[in-house]
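Commentary on secondary and tertiary structure
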Amino acid sequence: MLNAIERTLEVALTDCRRIGQIAIRKLDSAGFALSHCDDEGCDDLKLFRSAEDAIELSKFDDAGNYRPLKTAPNLRHGWRLDLATLGELKRGLDYFYPGRLVVFAAWKNGQLRTTPLRETLDRQSGMYRVAAKISDEQIDNVVGNFCRADDGCLRTILWKRDRRGMIPSTRLPPEKFDPAYDQTGPSKQVIPLLCQESCNLLVAECRKVVKMEGAAPSERK
């Protein structure tokens, strides 16, 4: 019996064949073949057959650099991952994009709650508490740079800057906040990578900006 997330994924696959930088193809023999979307149609890809293989496939980029943000647009090329069942597909996608299928299912069922950036920053403690002192102008710049889809993050932002409903950044295009838009480029039907709350890496970036602003010129490195 399929669970709620698998059912949502199954329905989505009737219209969509992409999630992030991953192309999903249904096999004639049952099961699914995953590859980097740039590699569709290639016949010289290294073959993998376990959902757990996605852990290593998503860990480094093409140059061998570690990928701290799994939704960054730098997924490695040159592989094909064959998975036999919908359950294995869900597991594999969870390794590639942790937590995104849960968020997608909640959104499709009208149960997703979002958290404004200011609220996320206000609840920080310890060394990250200072991040809450960031100004609106600084937020506009930080989010505009850090979350941009071309070299930052492929998630579609659903959260607001504050409880007044202000957009996170005027420097991002409207498409960055539209779940129907393909953040990888030309618009296609995709399963969106939804962002319901700012990530820890963005919080750390806010902290860095505040610390840099308050540091003496000789301390700004």
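In this report, the structure presented in the accompanying data block is examined.

Cut-offs applied
- Residues numbered from 1 in each chain as written.
- Predicted model: local features only at pLDDT ≥ 70, side-chain atom pairs only at ≥ 80, totals over all residues.
- Heavy atoms only, no water.
- Buried < 20%, exposed > 50% of the residue type's maximum accessible area, 1.4 Å probe, protein only.
- Helix = DSSP H or I, 4+ residues; strand = E, 2+ residues; numbered from the N terminus.
- Pairing = 2+ DSSP bridges.
- Polar contact = N/O pair within 3.5 Å; in protein donor to acceptor, adjacent residues only side chain to side chain.
- Salt bridge = Lys/Arg side-chain N within 4 Å of Asp/Glu carboxyl O.
- Phe/Tyr/Trp six-rings, centres within 6.5 Å; stacked < 30°, edge-to-face > 60°.
- Contact = heavy atoms within 4.5 Å.
- Axes fitted to C-alpha atoms, helices over the stretch in contact; angles between N-to-C directions.
- Parallel < 35°, antiparallel > 145°, perpendicular 65-115°, else oblique.
- Nonpolar A, V, L, I, M, F, W, Y, C, P; charged D, E, K, R; others polar.
- Core = buried A, V, L, I, M, F, W, Y, C linked by side-chain atoms within 4.5 Å.

Most of strand E3 (residues 32–36) sits out of view: 5 of its 5 residues are buried. Inspection of the sheet shows strand E2 (residues 22–26) paired to E3 by 5 bridges, in the antiparallel sense. Residue pairing for E3: Ile 22 is matched across the bridge by His 36. Between E2 and E3, which follow one another and run antiparallel, lie 5 residues, and Ala 30 among them has a positive phi close to 80°. By the bridge criterion, 4 bridges tie E3 to strand E5 (residues 79–83) in an arrangement that is antiparallel. Considered in E5, the bridge of Ser 35 is made with Arg 80.

Quick look at the environment of Tyr 181 now. As for its position among the elements, Tyr 181 is in the loop between strand E6 (156–157) and strand E7 (194–195). Assessed through its relative accessible area of 28%, Tyr 181 is described here as partly exposed. In sequence terms Tyr 181 and Gly 87 are 94 residues apart; their C-alpha atoms lie 26 Å from each other. Only 3.5 Å separates the side chain of Tyr 181 from the backbone oxygen of Gly 185, close enough to count as a polar contact.

The next subject is the pattern of salt bridges. What the rule picks out here adds up to 15 salt bridges. Of the charged contacts, one joins Arg 118 and Asp 136 as a salt bridge, the two residues approaching to 2.8 Å between their closest N and O atoms. Of the two residues, Arg 118 is situated in helix H5 (residues 117–122) and Asp 136 in helix H6 (residues 136–146); the sequence distance between them amounts to 18 residues. Using a relative accessible area of 30% as the deciding quantity, one classes Asp 136 as partly exposed. Among the ionic pairs, Asp 162 bridges to Arg 164, the shortest N-O distance being 2.9 Å.

Here the structure, examined in full by the defined rule, presents 3 aromatic pairs. Aromatic pair Phe 60 and Tyr 66: ring centres 6.3 Å apart, planes at 70°, arrangement edge-to-face. Relative accessible area serves as the criterion here: at 31%, Phe 60 is assigned to the partly exposed category. Between Phe 104 and Trp 107, the ring centres sit 6.1 Å apart and the planes meet at 40°, which makes this aromatic pair tilted. Placement of both Phe 104 and Trp 107 in helix H4 (residues 100–108) is noted, with a separation of 3 residues, approximately one turn of the helix.

This next bit is on the environment of Val 143. Assignment of secondary structure puts Val 143 in helix H6. Residues Val 143 and Arg 161, 18 residues apart in the sequence, show an inter-C-alpha distance of 9.7 Å. When near neighbours in sequence (up to four residues on either side) are disregarded, Val 143 contacts Leu 117, Arg 148, Ile 157, Trp 159, Pro 168, Ser 169, Leu 172 and Leu 202.

The next thing to look at is the packing of helix H1 (residues 4–12) against H4. At a closest axis distance of 9 Å, the pairing of H1 and H4 adopts a crossing angle of 80°. In terms of axis orientation, H1 runs roughly perpendicular to H4. Residues Ile 5, Thr 8, Leu 9 and Ala 12 of H1 form the contact with H4, whose participating residues are Leu 101, Val 102, Phe 104, Ala 105 and Lys 108. For the contact of H1 with H4, the per-class residue count stands at 7 nonpolar, 1 polar and 1 charged.

Non-glycine residue Ala 30 carries a positive phi angle of around 80°. Examined against the element boundaries, Ala 30 turns out to sit in the loop between E2 and E3.

With that settled, consider the nonpolar core. In terms of nonpolar packing, the biggest core is built from 32 residues, with Ile 22, Leu 34, Leu 89 and Phe 96 touching the most fellow members. With residues up to four places along the chain from it excluded, the contact list for Leu 89 reads Leu 9, Leu 13, Ile 24, Phe 32, Leu 34 and Leu 83. Counting 17 residues, the second largest nonpolar core, distinct from the first, contains Ala 131, Cys 147, Leu 172 and Val 210.

Once that is clear, we can look at H4. Side chains of residues three or four places apart in an α-helix project in the same direction, reflecting 3.6 residues per turn. By the burial criterion, the buried members of H4 are Arg 100, Leu 101, Val 103, Phe 104, Ala 105 and Ala 106. Elements in contact with the buried residues of H4: H1, strand E1 (18–19), helix H3 (86–96) and E7. At the C-terminal side of H4, Gly 110 shows a positive phi close to 70°.

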